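The lines below spell out each chain.
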Amino acid sequence: MENNLTTGSVLKTVLHFSLPFLLSYFLQTLYGMADLFIIGQFNGVDSTTAVSIGSQVMHMLTVMIVGLAMGATVLIGRAIGSREQKQAARTVGNTITLFMTLSLLLAAGLLFAVKPITAIMSTPAEAVSGTVSYLTICFLGIPFITAYNIISSIFRGMGDSKSPMYFVAVACAANIVLDYLFIGALRLNAAGAALGTTLAQTISVIAAMAVISRRKTGIKLTKRDLMPHKATMWGLLKIGVPVSLQEGFIQISFIVITIIANKRGLNDAAAVGIVEKLIGIMFLIPSTMLSTVSALSSQNIGAGKHDRARLTLRYAILITAMWGITASLVMQFAAESFVSLFVDQSQAGSAQVITLGGQYMRGYVWDCIFAGIHFSFSGYFCAYGLSMIPFIHNSLSIVCVRIPLAYLLSRHFADTLFPMGLSSPAGSLLSVFICGSVFIWMRKQNAKIEEDENRRKKRHGKKGIVPNRRRGQALSH
């Protein structure tokens, strides 16, 4: 069912929409962390490293799919906001066609690249076999991962953030049960973790399809809507491709940092892998606000309510900044305690993994503040169709700051991971500066458009203020 996000209190709407979104991200993160947590209880550092590296590759693929699906969320949101039901249905149909075709091609291609990917990741020799098994099984499940994410993006574009939460809850519960079965009872190690992940995702998609078949969404989908439509496909790709590439580059930067850590040794690799999972939890609220801002702003832009879109952005920045400060301060005192949850302390080298993980976390965690701010801006820019802006600022951040700084700090501080952890927040600071500058430019452009339009009306003897729908229009195409 469609939800109108263009009326009422903006703060209340942000909180009401984002809470199910936050729970969805939490469950999805828990879903990913379950593999690492359970494998750490039953196996050694080699299996933990294999799952850590394999899951990082899968996370990269997943966030790129989610990024590409941003086009669907934005276009559906705009259509719902402007009450164009036929366009919404066409967007849904073309989204299904595009993503299912892409997922089949992606799965087929990646299955032939498992060993090269494992080599590129500089996987420690002890973890190569487990990483290959994990990736092979997960690549087979790509169509189901894609199906879940496009279903979620469609519902969120319609203003429904609760249904995706229920779907991922099913996947999370199934994954935990299956992990204990395959890893604990059957002792399948990394392959068991991959089987649990893939089968759980399949169960989630089946549950989602069952719900959709019984629910009235307000959009009537026909076979004609599934046929590729040039303008709709272009709109999906114009918004989604830059976001997908942006997410891919971000994950590549994390992978490069993982490779740098892998070259330092098995314990450093395990520590970085564990912290990346923990940071996934820290980034729940920033990620939630990115998607919340894009979904809410899209409907408001479609309805011509640009002031509400800007107010949504302001509340998102405030929420993420407060969260980032809190999380950063807590981790300065409790980093090792959190890292130790993912380490079997009876295994050799576990104490060093905990120490290194604590060091890395204390530097990295400050990124929660700055990433939260530029995530919120990115959602706002995407809602206007300006998805190239997030792509540009993230690319510059990665190439100019994050990767070179991580490499240099790793080389100069061989006994600690703390300085290396600071490379991510340093990169995000550059992104915040660029986003703030673009936002100010947008405001000036919109003010100029409004002023010119008012002058034109006065020349024709028509007084009054330009409707909100006009403002920002030049920037949204």
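From a predicted model like this one, the values you see are computed outputs, not experimental measurements. (Residues numbered from 1 in each chain as written. Predicted model: local features only at pLDDT ≥ 70, side-chain atom pairs only at ≥ 80, totals over all residues. Heavy atoms only, no water.)

Caption draft 1: Structural context of the packing of aromatic side chains. Inspection of every chain in the model, using the stated rule, returns 7 aromatic pairs. Aromatic pair Tyr360 and Tyr364: ring centres 5.5 Å apart, planes at 75°, arrangement edge-to-face. Here Tyr360 and its partner Tyr364 are both found in helix H14 (residues 350-364), 4 residues apart, which amounts to about one turn of the helix. Taking relative accessible area as the criterion, Tyr360 reaches 0% and is therefore assigned buried. Feature note: the residues Phe377, Tyr380, Phe381, Tyr384 and Phe439 constitute an aromatic cluster, connected by ring pairs. (Phe/Tyr/Trp six-rings, centres within 6.5 Å; stacked < 30°, edge-to-face > 60°. Helix = DSSP H or I, 4+ residues; strand = E, 2+ residues; numbered from the N terminus. Buried < 20%, exposed > 50% of the residue type's maximum accessible area, 1.4 Å probe, protein only.)

Caption draft 2: Up close: helix H13 (residues 306-339). The terminal C-alpha atoms of H13 lie 43 Å apart, and with 34 residues this falls more than 12% below the ideal 50 Å at 1.5 Å per residue. The largest bend in H13 comes to about 75°, at Phe333. (Expected span 1.5 Å × (residues − 1). Bend = angle between axes of the 7 residues up to and from the residue.)

Caption draft 3: Spatial organisation of the nonpolar core. Counting residues in hydrophobic clusters, the biggest one holds 101 residues, and the most contacted among them are Met58, Tyr134, Phe139 and Met361. With 18 residues, helix H2 (residues 45-81) is the largest single contributor of residues to this core. If near-sequence neighbours (up to four positions away) are discounted, Phe139 is found in contact with Val57, Met58, Leu61, Ala107, Leu110, Leu111, Val114 and Ile117. (Core = buried A, V, L, I, M, F, W, Y, C linked by side-chain atoms within 4.5 Å. Contact = heavy atoms within 4.5 Å.)

Caption draft 4: The arrangement of the confidence of the model for the protein in detail. Per-residue confidence for the protein gives a mean pLDDT of 82, with 91% of residues at or over 70. Low confidence marks residues 463-474, where pLDDT is under 50. Its contacts with residues over four positions away, or in another chain, come to 25 contacts. (pLDDT = per-residue confidence, 0-100.)

Caption draft 5: Broad picture of the packing of H2 against helix H5 (residues 128-140). Look at H2 against H5: their axes get within 8 Å of each other, and the N-to-C directions meet at 30°. Here H2 is positioned roughly parallel relative to H5, judged by the angle of their axes. Viewed along their axes, H2 and H5 form a crossing whose handedness is right-handed. Residues Ala50, Val51, Ile53, Gly54, Ser55, Val57, Met58 and Leu61 of H2 form the contact with H5, whose participating residues are Gly130, Thr131, Tyr134, Leu135, Cys138 and Phe139. Grouping the amino acids of the contact of H2 with H5 by side-chain chemistry returns 10 nonpolar, 4 polar and no charged. (Axes fitted to C-alpha atoms, helices over the stretch in contact; angles between N-to-C directions. Parallel < 35°, antiparallel > 145°, perpendicular 65-115°, else oblique. Left-handed = near helix turned anticlockwise from the far one by under 90°. Nonpolar A, V, L, I, M, F, W, Y, C, P; charged D, E, K, R; others polar.)

Caption draft 6: Summary view of a nonpolar patch on the surface. On the surface, a cluster of nonpolar side chains totalling about 420 Å² of accessible area is made up of Phe37, Tyr180, Val330, Phe338 and Leu341. Residue position: Tyr180 is located in helix H7 (residues 162-185). By relative accessible area, which is 38% here, Tyr180 ends up partly exposed. (Patch = residues over 30% accessible without salt bridge, like charges linked within 9 Å, V, L, I, M, F, W, Y side chains within 5 Å. Areas by Shrake-Rupley, 256 points an atom, 1.4 Å probe, with all protein chains shown as cover. Salt bridge = Lys/Arg side-chain N within 4 Å of Asp/Glu carboxyl O.)

Caption draft 7: Structural detail: the pattern of salt bridges. Tallying each qualifying case throughout the model produces 3 salt bridges. Salt-bridge contacts for Asp268 lead to Arg264; the nearest nitrogen and oxygen are separated by 2.9 Å.

Caption draft 8: Representation of the packing of helix H10 (residues 230-262) against helix H16 (residues 388-412) within the structure. Interaxial distance between H10 and H16 falls to 9 Å at its minimum, and their mutual angle equals 5°. What the angle tells us is that H10 and H16 run roughly parallel. Where H10 approaches H16, its residues Pro242, Leu245, Gln246, Phe249, Ile250, Ser253, Phe254, Val256, Ile257 and Ile260 are matched on the opposing element by Met388, Pro390, Phe391, Asn394, Ser395, Ile398, Arg402, Ile403, Ala406, Tyr407 and Ser410. Residue classes in the contact of H10 with H16 are distributed as 15 nonpolar, 5 polar and 1 charged.

Caption draft 9: Layout of H16. Over its 25 residues, H16 extends 35 Å from the first C-alpha to the last, a length consistent with the 36 Å expected when each residue adds 1.5 Å. The largest bend in H16 is about 45°, located at Ile398. Taken as a whole, H16 has its buried residues at Pro390, Phe391, His393, Asn394, Ser395, Ser397, Ile398, Val401, Arg402, Ala406, Leu409 and Ser410.

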